[in-house]
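Now for the letters of each chain:
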Amino acid sequence: MQQRRIGDRPVSAIGLGGMPMSIEGRPDEARSIATVHAALDAGITLIDTADSYHRDPTDVGHNELLIAKALRLAGASADDVLVATKGGHRRPGDGTWTKQGDAAYLRKACEASLQRLDVEAIGLYQFHRPDPAVPYEESVGAIRDLLDEGKILMAGISNADPDQIRLAQEILGGRLVSVQNQFSPSFRSSEPELELCAEMGIAFLPWSPLGGISRAGDLGSTHAAFAEVAAERGVSPQQVALAWELAKADVVIPIPGASRPESVLDSVAAVELELTSEELARLDG
C-alpha cells in the first residue's frame, strides 16, 4: 500500500470511514468487523470514526466501540493503525445532527472517546464541525489544550473554510495536521481548502469521496466522464474517483466509508490506478 503522511505519521494513501457501520441501515456486527479486518489485510492503516457515528440516543460512540473491538480481535494496536476520531457534532437519535463546540463539552467528549477506544492518547482528534453559538477560537483552543496535555497526539479540524484553517493553525501553534472536508466528483466546492492544505503541508481527508452512502453506487451514472474512463480502464467509476482525488495533491487521503469487505477492496485498488494527464483533464472538466 502506498503511504502518505498525517503530521509525522505515515499512513495508507486510502483510509476507511467507519460511519456506514453504525448509523441507519447499519449491518450486523459480524459483517462490520469483517469489513474492518478486510481493510487491515489490504494495508489500510487509517480508520476514521467519531463519537456521533451512532443510530440511537442510547448508543453514542457505537462506531468507536466497534472499531476498538475489531482492532482488538485483529491483534492490531495504536502503533499499527491510526484511529482518527472527532468531537463537536451530536445526534439526538432522530436522524438529525446538532453542533456543540464549547470547550467543556469537547473535553468531556474527548475523555469519553478515550475510554471507548481504550487508549491512553487518541492518535488524531478532530473538531467535527464549527458551532455558530461558540467562538471558533474557543473550540480549537480546547483541542489545543487536549494536545498540550497529551490526551491526543495530533490535532485536526473538519468542515472548515480557508480562514478557519489558517486560524486553527495559528491557535494550535503550527501543529494542525489535518483538515477533513467533503470532496467528491459531485461536491467540488472545497477545492480551495484542498489547495490551501497542499500549500501548508496539511493532510486533506475528503469525506464522502464517492458522493455519500446513498449516492456512491450511482457515481458512474451521474458523472459520465468517470464512467467513460472506468470503462476504458476496466475498473469501477468509484476507483477512478478515488484515483482522481489522490492525483489532486500528495496531501490528499480519501476516507471512503464502507460496510462490506468488497467495497474496501475496490477502494484500495484505486491507489494503484495512475491516471494520465488527459484523463485527469476530462475528469476535471
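See above for the structure.
Quick look at the structure, then. Because the structure is a prediction, the values reported are computed rather than measured.

### Things to note about the environment of Asn159
Tracing the sequence through the fold places Asn159 in the loop between strand 9 (155-158) and helix 5 (162-171). Residue classification places Asn159 among the buried residues on the basis of a relative accessible area of 15%. In this structure, the C-alpha to C-alpha distance between Asn159 and Phe127, residues 32 residues apart in sequence, is 8.8 Å. Beyond its immediate chain neighbours, meaning those up to four positions away, Asn159 contacts His128, Arg129, Pro130, Gln164, Gln180, Asn181 and Trp207. Engagement of the side chain of Asn159 in a polar contact is seen with the side chain of Ser158, the distance being 3.2 Å.

### Regarding the sheet that holds strand 3 (residues 16-17)
The strands making up a sheet associate through backbone hydrogen bonding, with each pair oriented either parallel or antiparallel. Spatial ordering of the open sheet is given by 3-4-5-8-9-10-11, a layout of seven strands whose pairing is parallel. Single-partner strands in this sheet number two, and they are strand 3 and strand 11 (203-204). When strand 5 (residues 82-87) meets strand 8 (residues 124-127), the two strands line up parallel, connected through four bridges. Directly across from Lys86, in strand 8, lies its bridge partner Gln126. Sheet contacts for helix 5: strand 9 and strand 10 (176-180); angle to strand 10, the most-contacted strand, approximately 155°.

### Concerning unusual backbone geometry
Excluding glycine, residues mostly carry a negative phi; peptide bonds, for their part, are mostly trans. Here Asn159, not a glycine, exhibits a phi torsion of approximately 55°, which is positive. Located in the positive-phi region is Ser208, a residue other than glycine, with phi close to 50°.

### Some points on the pattern of salt bridges
The final tally for this structure, using the stated rule, is 18 salt bridges. Notably, a salt bridge pairs Arg166 with Asp163, separated by 3.5 Å at the nearest N-O pair. On the criterion of helical spacing, the pair formed by Arg166 and Asp163 is a turn pair, its members being three residues apart in helix 5. The class of Arg166 is partly exposed, set by a relative accessible area of 44%.

### Quick notes on the pairing of strand 10
Where burial is concerned, most of strand 10 is hidden: five out of the five residues are buried. The handedness of the strand 9 to strand 10 crossover, carried by helix 5, is right-handed. Note that strand 10 and strand 11 share two bridges and pair parallel. If you follow Val179 over to strand 11, its bridge partner there is Phe204. Chirality of the crossover, the property in question, places the unit of strand 10, helix 6 (residues 191-200) and strand 11 among those that are right-handed.

### A word on the pairing of strand 1 (residues 3-6)
Going residue by residue along strand 1, you find Arg4 and Ile6 tucked away on one face and Gln3 and Arg5 left uncovered on the opposite face. Of the pairings in the sheet, the one linking strand 1 to strand 2 (residues 9-12) comprises four bridges and is antiparallel in character. By the bridge assignment, Ile6 is partnered in strand 2 with Arg9. Here strand 1 folds back onto strand 2, and the loop between the two strands holds two residues, one of which, Gly7, carries a positive phi near 65°.

### Remarks on the packing of helix 4 (residues 136-148) against helix 5
Helix-helix packing: each pair is described by the crossing angle between the helix axes and the interaxial distance. Direction vectors running N to C along helix 4 and helix 5 enclose 45°, while the axes themselves pass 9 Å from each other. Classified by the angle between their axes, helix 4 and helix 5 sit oblique to one another. Crossing of helix 4 against helix 5: the hand is right-handed. Within the contact between the two elements, helix 4 uses Tyr136, Glu137, Val140, Gly141 and Arg144 and helix 5 uses Gln164, Leu167, Ala168 and Ile171. Considered class by class, the residues forming the contact of helix 4 with helix 5 number five nonpolar, two polar and two charged.

Parameters at a glance
Residues numbered from 1 in each chain as written. Predicted model: local features only at pLDDT ≥ 70, side-chain atom pairs only at ≥ 80, totals over all residues. Heavy atoms only, no water. Helix = DSSP H or I, 4+ residues; strand = E, 2+ residues; numbered from the N terminus. Buried < 20%, exposed > 50% of the residue type's maximum accessible area, 1.4 Å probe, protein only. Contact = heavy atoms within 4.5 Å. Polar contact = N/O pair within 3.5 Å; in protein donor to acceptor, adjacent residues only side chain to side chain. Pairing = 2+ DSSP bridges. Axes fitted to C-alpha atoms, helices over the stretch in contact; angles between N-to-C directions. Salt bridge = Lys/Arg side-chain N within 4 Å of Asp/Glu carboxyl O. Right-handed = clockwise from strand over helix to strand, strands pointing away. Parallel < 35°, antiparallel > 145°, perpendicular 65-115°, else oblique. Left-handed = near helix turned anticlockwise from the far one by under 90°. Nonpolar A, V, L, I, M, F, W, Y, C, P; charged D, E, K, R; others polar.

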